[in-house]
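Structural description and commentary
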Number of protein chains: 2
Amino acid sequence: MASQGHTLKAFDEDLDRLRALITEMGGRAEHAIIEAMRCLSERDGDAALKVIEDDKRIDALEAETERRVIQLIALRAPMAGDLRDVVAALKISGVVERIGDYAKNIAKRVPLLEDAGKIEPLSLLPEMARIAVQMVHDVLNAFVQRDAEAAIRVCERDRAVDDFYDSVFRTLLTHMMENPHKIGQSAHLLFVAKNLERVGDHATNIAEMVYYAATGQQMADRVKGAEGLSV
Amino acid sequence: MASQGHTLKAFDEDLDRLRALITEMGGRAEHAIIEAMRCLSERDGDAALKVIEDDKRIDALEAETERRVIQLIALRAPMAGDLRDVVAALKISGVVERIGDYAKNIAKRVPLLEDAGKIEPLSLLPEMARIAVQMVHDVLNAFVQRDAEAAIRVCERDRAVDDFYDSVFRTLLTHMMENPHKIGQSAHLLFVAKNLERVGDHATNIAEMVYYAATGQQMADRVKGAEGLSV
């Protein structure tokens, strides 16, 4: 039993390190989204280049997570709930990496908006970003604490981001019709809004992974919310 | 040795079944993209609903892949190259599932374009879809055959899809300026073009996973191509 206890303790420490890696990735991805939105609002092209550059660190953390997951499986041969946790860590790190990619994509659009002058709908986007990033933050906390209920609560907030997106989409179309000379810049903002909406979707995806890892059950469709025909 | 040989044979059979699952997922995702584009071109709303419904089958195949990967790791404790292959299968199934989501997203836009009349740039999109889907097809073949060189060749073709996207983006903006009453429908086509461009990106992501699984090395940045500032 002592040996078994030692093995379990070593596994728990490995798992804690995995969770710490994902928390670090999450913190960086959250910061990248908020900072990319600031760069867009303030047309800060230099800082946007740094957001793009810093994404490499998130990619490297994902690769490190994968290496450690493989090492952990090979050394510790985890079973059942432990194996679900490890596989969830691998999948979640992949999703967080994509959230980092969205931040990078937003940052890449900053120079394309430099000469755009004022585009009113842009002012809506930082608040949308804040809601989506808070979902990411909360769902990664739910992962670290294996809190299936907290994961459900994150899913329930995705509708707010979707509604925000629909509103921004309509506002941008109106802006395009009224300002045809700014259609290009407005189109870039459509993609920024879509990226933020996708960040909310990804938080929901992570919530489903957290729920499955913590309970061994798939989250019910009822909880995830009816999908409808929204695009 | 007989026992070891037996174990290896059982592992190889498990891995073959995983590869067959991913090939089936890939076939369905490829078909879904092409069919969604046909629905869009021909305004076939009924068939578009079927594309949306059929995506559930791709999601179910991803869940089955994950279950089998976990079972395979627990039962066979694969090491080194074998473990890389299994982890690659898990990650690739996640990417193929997202390609299915893009098809579903395109299908959801079909009813939004029903009253649009003729939008000339739409005629460019099926060819873009064909190139991106062929990349997916070829990279999944490379996975099944553990062919790192074929994976590299897929990456090299992503530039063609990106160039196609840039051209479609500009064409759609011009169309929007000249047809402000069709700005909404054109905006939906911008997202369709972006989805297809992302399918090409995902084929490249899979190629990197195939290369790593087959060789144990990361694909060099030189091969992946300079990223530049494209959005």
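Residues numbered from 1 in each chain as written. Chains lettered and ligands numbered in written order. Predicted model: local features only at pLDDT ≥ 70, side-chain atom pairs only at ≥ 80, totals over all residues. Heavy atoms only, no water.

1. Some remarks on the overall build of chain A
Looking only at helices and strands, one finds eight helices and zero strands in chain A. Overall size of chain A, expressed as C-alpha extent along the three principal axes, is 75 × 40 × 20 Å. Going through the 231 residues of chain A one by one, you find that 55% of them count as buried. The contacts of chain A with a sequence gap of at least 6 include a subset with a gap of at least 24, amounting to 85%. Accessible area for chain A stands at about 10,100 Å²; split by element, carbon and sulfur atoms hold 51% of it. Positive and negative side-chain charges in chain A, numbering 30 and 39 respectively, have mean positions lying 2 Å apart. (Helix = DSSP H or I, 4+ residues; strand = E, 2+ residues; numbered from the N terminus. Buried < 20%, exposed > 50% of the residue type's maximum accessible area, 1.4 Å probe, protein only. Contact = heavy atoms within 4.5 Å. Areas by Shrake-Rupley, 256 points an atom, 1.4 Å probe, with all protein chains shown as cover. Lys, Arg positive; Asp, Glu negative; His and termini not counted. Charge placed at Lys NZ, Arg CZ, Asp CG, Glu CD.)

2. Section: the relation of the copies chain A and chain B
Once chain A has been moved 0.0 Å along the axis and rotated by 180°, it coincides with chain B to within an RMSD of 0.0 Å. Such a combination of rotation and displacement between the chain copies is what one expects of a two-fold axis. Considering only C-alpha atoms, the part of chain A nearest the rotation axis is Ala77(A), at 3.4 Å. When the interface residues of chain A are mapped onto chain B, 97% of them are again interface residues, pointing to one common binding face. (Least-squares fit on C-alpha atoms with pLDDT ≥ 70 in both.)

3. Side note on the packing of aromatic side chains
Residue and element names in this part refer to chain A. Tallied over the full model, the rule gives five aromatic pairs over all chains. Taking 6.0 Å as the distance between ring centres and 45° as the angle between the ring planes, the aromatic pair formed by tyrosine 165 and phenylalanine 169 counts as tilted. With tyrosine 165 and phenylalanine 169 both in helix H6 (residues 158-178) and four residues apart, this pair spans about one turn of that helix. The exposure class assigned to tyrosine 165 is buried, which follows from its relative accessible area of 4%. For phenylalanine 169, a relative accessible area of 11% translates into the label buried. (Phe/Tyr/Trp six-rings, centres within 6.5 Å; stacked < 30°, edge-to-face > 60°.)

4. Quick look at the UniProt feature "domain: PhoU" (unreviewed entry) in chain A
Residues and elements named next belong to chain A. Residues annotated by UniProt as "domain: PhoU" (unreviewed entry) correspond here to residues 22-110 and 126-210. When the span residues 22-110 is considered, its composition is 92% helix and 0% strand, and the gap between its end C-alpha atoms is 28 Å. Between the first and last C-alpha atoms of residues 126-210 the distance is 27 Å; the span itself is 91% helix and 0% strand. (UniProt positions renumbered as here; feature names shortened; annotations may be inferred.)

5. Looking at the packing of helix H4 (residues 125-144) of chain B against helix H6 (residues 158-178) of chain B
In helix packing, the relevant descriptors are the interaxial angle and the interaxial distance, both defined with respect to the helix axes. Residues and elements named next belong to chain B. Here H4 crosses H6 at 160°, and the two axes come no closer than 10 Å. Considered as vectors, H4 and H6 are oriented roughly antiparallel to each other. Like other packed secondary-structure pairs, H4 and H6 cross with a definite hand, here left-handed. Counting all contacts with H4, which are made through Leu125, Glu127, Met128, Ile131, Ala132 and Met135, the residues of H6 involved are Asp158, Val161, Phe164, Tyr165 and Val168. Residues belonging to the contact of H4 with H6 are distributed by class as follows: nine nonpolar, no polar and two charged. (Axes fitted to C-alpha atoms, helices over the stretch in contact; angles between N-to-C directions. Parallel < 35°, antiparallel > 145°, perpendicular 65-115°, else oblique. Left-handed = near helix turned anticlockwise from the far one by under 90°. Nonpolar A, V, L, I, M, F, W, Y, C, P; charged D, E, K, R; others polar.)

6. A closer look at the interface of chain A and chain B
The partner chain B presents 35 residues to the 36 residues of chain A that form the contact. Between chain A and chain B lies a buried interface of about 3,500 Å² when both sides are counted; carbon and sulfur atoms form 71% of it. When residues of chain A are sorted by the area they lose upon contact with chain B, Lys108(A), Phe191(A) and Val231(A) head the list and together hold 17% of the total. Viewed at the interface, chain B and chain A are joined by two salt bridges. (Buried area = accessible area lost by both parts, 1.4 Å probe. Salt bridge = Lys/Arg side-chain N within 4 Å of Asp/Glu carboxyl O.)

7. Regarding the pattern of salt bridges
Evaluated as defined, the whole model comprises 38 salt bridges over all chains. Residue Arg17(B) pairs with Asp14(B) through a salt bridge whose shortest N-O separation is 3.0 Å. In this pair, Arg17(B) and Asp14(B) are both assigned in helix H1 (residues 2-42), three residues apart and thus about one turn of the helix distant. Overall, Arg17(B) belongs to the partly exposed group, its relative accessible area being 43%. By relative accessible area, which is 14% here, Asp14(B) ends up buried. Residues Arg130(B) and Glu127(B) are paired through a salt bridge, measuring 3.2 Å at the closest nitrogen-oxygen approach. Of the two residues, Arg130(B) and Glu127(B) are both situated in helix H4; the distance of three residues between them amounts to about one turn of the helix. Arg130(B) gets classed as partly exposed once you look at its relative accessible area, which sits at 43%. Among the ionic contacts, a cluster of salt bridges with common partners joins Asp16(A), Arg19(A), Asp85(A) and Arg146(A).

8. Re helix H3 (residues 80-108) of chain A
Compared with an ideal rise of 1.5 Å per residue, which puts 29 residues at 42 Å, H3(A) spans 42 Å between its outermost C-alpha atoms and is within 8% of the ideal. Taken across its 29 residues, H3(A) has 25 buried, putting it largely inside the fold. (Expected span 1.5 Å × (residues − 1).)

9. Quick look at the side chain of His202(A)
On the secondary structure map, His202(A) appears in helix H7 (residues 183-215). The class of His202(A) is buried, set by a relative accessible area of 1%.

10. Section: the environment of Glu114(A)
All names here are of chain A. As for its position among the elements, glutamate 114 is in the loop between H3 and helix H4 (125-144). Remark: the alpha-carbon pair of glutamate 114 and glycine 45, spanning 69 residues in sequence, is separated by 8.0 Å. Not counting residues within four places of it along the chain, the set of residues in contact with glutamate 114 comprises Arg43 and Gly45.

11. Here we look at the environment of Leu172(A)
All names here are of chain A. Counting through the fold element by element, leucine 172 comes out in helix H6. On the basis of relative accessibility, which here comes to 1%, the residue leucine 172 falls in the buried class. A sequence separation of 25 residues divides leucine 172 from aspartate 147, and the C-alpha atoms of the two residues are 38 Å apart. When residues no more than four places from it in sequence are discounted, the contact partners of leucine 172 are Pro121, Ser186, Leu189 and Leu190.

12. Comments concerning the environment of Gly200(B)
Residue and element names in this part refer to chain B. Mapping glycine 200 onto the fold places it in helix H7 (residues 183-215). Each C-alpha atom, one on glycine 200 and one on alanine 29, is 13 Å from the other, the two residues being 171 residues apart in sequence. Each residue touching glycine 200, except ones within four places of it in the same chain, is listed here: Ala132, Met135 and Asp158.

13. Looking at the packing of helix H2 (residues 45-76) of chain B against helix H3 (residues 80-109) of chain B
All names here are of chain B. Following both chains from N to C, one finds H2 and H3 inclined at 170°, their axes separated by 9 Å at the closest point. Judged on the interaxial angle alone, H3 and H2 are roughly antiparallel. Looking at the contact of H2 with H3, its residues break down into 14 nonpolar, four polar and eight charged.

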